[in-house]
Amino acid sequence: MVRIRARYLPVVMAGLLLAGGCKAPATGKSRPAAVHRVTPVAPVLPSVPPAAPRAVVTLPPPLPPAQASRPWVAKRLNNGDYVDVREIAERYNLRASWVTIGLVMQLADARGVVRLKFESKDHAFILDGTRVSLGETTVFNQDSLFISRIDVIKSVAPLLRPAEFAAQMPGPPRLIVLDAGHGGADPGTRNLVMHLDEKNLTLDVVLRLKKLLEGRGYRVILTRSDDSKLAAAQRPDLEQRDEVANRTKADLFLSVHFNSAPATVTGTETYVMTPQFQISTGEAKDATVDKAFPGNQQDLANIVLGYHLQRCLLAGLNSSDRGCKRGRRLVLCFPECPAALVEAAYLSNNTEASRLATPEHRQRIAQALAAGIDEYSAALAALHPAHAGPTEIRPAAAAPRKNP
Ligand SMILES: [Zn+2]
């Protein structure tokens with residue numbers, strides 16, 4: 001049986017392997033033994049403390065009621081439709097002002113608190129101190145900054161006032177699938193100095209996170225609970241991870257990874273699915289830019305999930321902010337529920353790796369991820385008050401995969 005994902009796989013895999021972050025080896029290519037032949041390290045054994053009581057979720061203050069819903073006024077710039085940042089300010093009762101004329105514009109609320117910041121020619125904006133990637137760079141034109149209309153619809157608006165999109169947002173999650181990246185013969189990123197394999201760290205964090213989430217009333221399913229892959233070859237292995245979420249009708253899929261880059265690079269980043277017609281963060285082109293994947297059905301909830309995970313990771317780890325990014329990662333293309341992939345720290349950086357080597361820091365990561373899921377859940381519960389709280393558990397009945 002030919003599944004639709006098979007048609008997309010070559011281009012998706014190309015994007016996956018080109019994108020930054022930890023990467024499994026390409027299928028069919030053996031890794032150079034001279035580089036990777038190291039003394040096998042013992043798996044990091046989880047020492048999981050008792051589950052913490054449910055955290056009190058404190059969301060940023062809600063914005064005042066927006067202007068009545070109306071189409072965004074777009075201006076044709078750079079062969080695309082762009083929206084004036086001043087119109088965003090007007091729509092959400094914020095006050096726009098230049099920090100640096102022609103370069104940086106900020107939007108403040110009625111109390112004078114700066115909520116958003118945009119910089120000319122930047123590929124991101126700042127919301128309440130957290131960096132969120134844009135599909136297109138911001139443009140300075142005449143006396144204002146402009147951002148692409150798709151970015152307004154897919155990122156800015158659902159984060160600023162998710163209530164405008166309540167009908168398109170799911171209820172808070174009950175059943176969560178956690179994916180510990182890599183496993184078995186695929187170690188993921190390796191830090192040979194610290195003798196750490198990514199596959200062991202992801203499993204350890206996921207086991208800790210499972211315990212925390214179950215203590216808060218969520219139901220949790222793992223894609224793997226030991227040092228194994230889901231399939232021998234890389235592509236089926238990756239395919240089967242989000243299929244666990246689809247098969248069990250999960251409400252949320254979260255894949256946990258640790259990053260790889262030149263040794264000086266540090267920080268935390270979170271990926272959610274790239275919207276249709278947008279380029280993924282950090283890529284010059286994307287052969288699948290015009291494709292709509294199943295993961296795009298959840299674009300609005302995806303950005304809310306990714307933002308809260310990134311925000312809580314930054315707060316919990318005090319790490320540098322590499323942003324909530326967009327990527328057509330294979331495990332993000334096909335989930336039929338909101339999904340995110342976190343690269344919580346750089347295993348390739350010895351300072352961050354030395355922290356990852358301690359159970360205390362791995363517990364902090366798990367706690368930050370649990371806090372992010374709690375924030376996301378609270379944001380959705382505010383849209384669907386009748387469904388607040390992870391108390392009603394959806395049965396995990398097997399169901400056939402629905403191909404688009
Ligand atoms: Zn990885």
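These numbers come from a predicted model, not from an experiment. (Residues numbered from 1 in each chain as written. Predicted model: local features only at pLDDT ≥ 70, side-chain atom pairs only at ≥ 80, totals over all residues.)

Below, the discussion takes up the overall build of the protein. Along the backbone of the protein there are 10 helices and 17 strands. The proportion of buried residues among the 404 residues of the protein is 47%. Across the protein, the fraction of contacts at a sequence separation of at least 24, relative to all contacts at a separation of at least 6, is 75%. (Helix = DSSP H or I, 4+ residues; strand = E, 2+ residues; numbered from the N terminus. Buried ≥ 20, exposed ≤ 12 C-beta atoms within 10 Å, placed from the backbone. Contact = placed C-beta atoms within 7 Å.)

A few words now on helix α5 (residues 198-215). Spanning 18 residues, α5 covers 26 Å between terminal C-alpha atoms, matching the ideal 26 Å at 1.5 Å per step. Buried residues dominate α5, accounting for 15 of its 18 residues. Once α5 ends, the next one or two residues include G217, with phi positive near 100°. (Expected span 1.5 Å × (residues − 1).)

This next bit is on the sheet that holds strand β2 (residues 80-84). Ordered by their spatial adjacency, four strands build an open sheet running β1-β2-β9-β8, and the pairing between neighbours is antiparallel. Edge strands, defined here as strands with exactly one partner in the open sheet, are β1 (74-77) and β8 (139-141). Between one strand and the next, the sheet's axes are offset by a mean angle of 45°, whatever the strand orientation. As judged from the three bridges shared by β8 and strand β9 (residues 144-148), these two strands associate in the antiparallel manner. (Pairing = 2+ DSSP bridges. Axes fitted to C-alpha atoms, helices over the stretch in contact; angles between N-to-C directions.)

Turning our eyes to something else, we now look at the packing of helix α7 (residues 299-317) against helix α10 (residues 359-383). One way to put it is that α7 packs onto α10 with a least axis distance of 8 Å and a crossing angle of 140°. With respect to each other, α7 and α10 are oriented oblique. Remark: the crossing between α7 and α10 carries right-handed chirality. Contact residues: α7 offers V304, L305, H308, L309, R311, C312, L313, A315, G316 and L317, while α10 offers R364, I365, Q367, A368, L369, A371, G372, E375, Y376 and A379. For the contact of α7 with α10, a count of residues per class yields 13 nonpolar, four polar and three charged. (Parallel < 35°, antiparallel > 145°, perpendicular 65-115°, else oblique. Left-handed = near helix turned anticlockwise from the far one by under 90°. Nonpolar A, V, L, I, M, F, W, Y, C, P; charged D, E, K, R; others polar.)

This part covers the nonpolar core. Grouped together as the largest cluster of nonpolar side chains are 90 residues, with contacts concentrated most on I176, L209, V304, A340 and L369. Here the element with the most residues in this core is α10; it accounts for 11 residues. Those residues in contact with A340 that sit more than four places away from it in its chain are L254, T270, Y271, V272, N302, L305, G306 and L309. (Core = buried A, V, L, I, M, F, W, Y, C linked by C-beta atoms within 7 Å.)

Time to look at unusual backbone geometry. Positioned with a positive phi, D128 is a non-glycine residue whose angle comes to about 45°. Residue placement: D128 occurs in the loop between β6 (124-127) and β7 (130-133). A positive phi angle, close to 75°, is found at F277, a residue other than glycine. Summarising the element assignment, F277 is placed in the loop between β15 (268-272) and α7.

Per-residue confidence for the protein gives a mean pLDDT of 84, with 78% of residues at or over 70. Within the model, the stretch residues 48-55 combines pLDDT values under 50 with 14 contacts to residues more than four positions away or in other chains. Taken together, the stretch residues 390-404 has pLDDT below 50 and engages in 29 contacts with residues farther than four places along the chain or on a different chain. (pLDDT = per-residue confidence, 0-100.)

Take the environment of R326 next. With respect to the element layout, R326 can be found in strand β16 (residues 321-326). Every residue in contact with R326, bar those within four places of it in the chain, is listed here: S133, G135, V272, T274, Q278, S280 and T281.

Our next topic: the pairing of strand β14 (residues 252-259). Most of β14 is tucked away: eight of the eight residues are buried. Along β14, one buried face is formed by L252, L254, V256 and F258 and the opposite face, lined by F253, S255, H257 and N259, is buried too. Sheet topology places strand β10 (residues 175-180) next to β14; five bridges connect them, and they run parallel. Along β14, the bridge assignment pairs L178 with L254. Pairing analysis gives six bridges linking β14 to strand β17 (residues 339-346), with the strands arranged parallel.

Let us now look at α7. End to end, α7 covers 27 Å across 19 residues, agreeing with the expected 27 Å (1.5 Å per residue, within 8%). With 16 of its 19 residues buried, α7 lies for the most part within the structure. Backbone geometry just after α7 places N318 at a positive phi near 55°.

Axis separation between α5 and α10 bottoms out at 8 Å; the angle between their running directions is 50°. Judged by the inter-axis angle, α5 sits oblique to α10. For the element pair α5 and α10, the recorded crossing hand is right-handed. Between α5 and α10, the residues in contact are L201, D204, V205, R208, L209, L212 and L213 and R362, Q363, I365, A366, Q367, L369, A370 and I373, respectively.

What follows deals with the environment of R328. Note on placement: R328 falls in the loop between β16 and α8 (330-333). You can call R328 buried: it has 29 C-beta atoms within 10 Å. Through-space distance from the C-alpha of R328 to that of Q276 is 10.0 Å; in sequence the pair is 52 residues apart.

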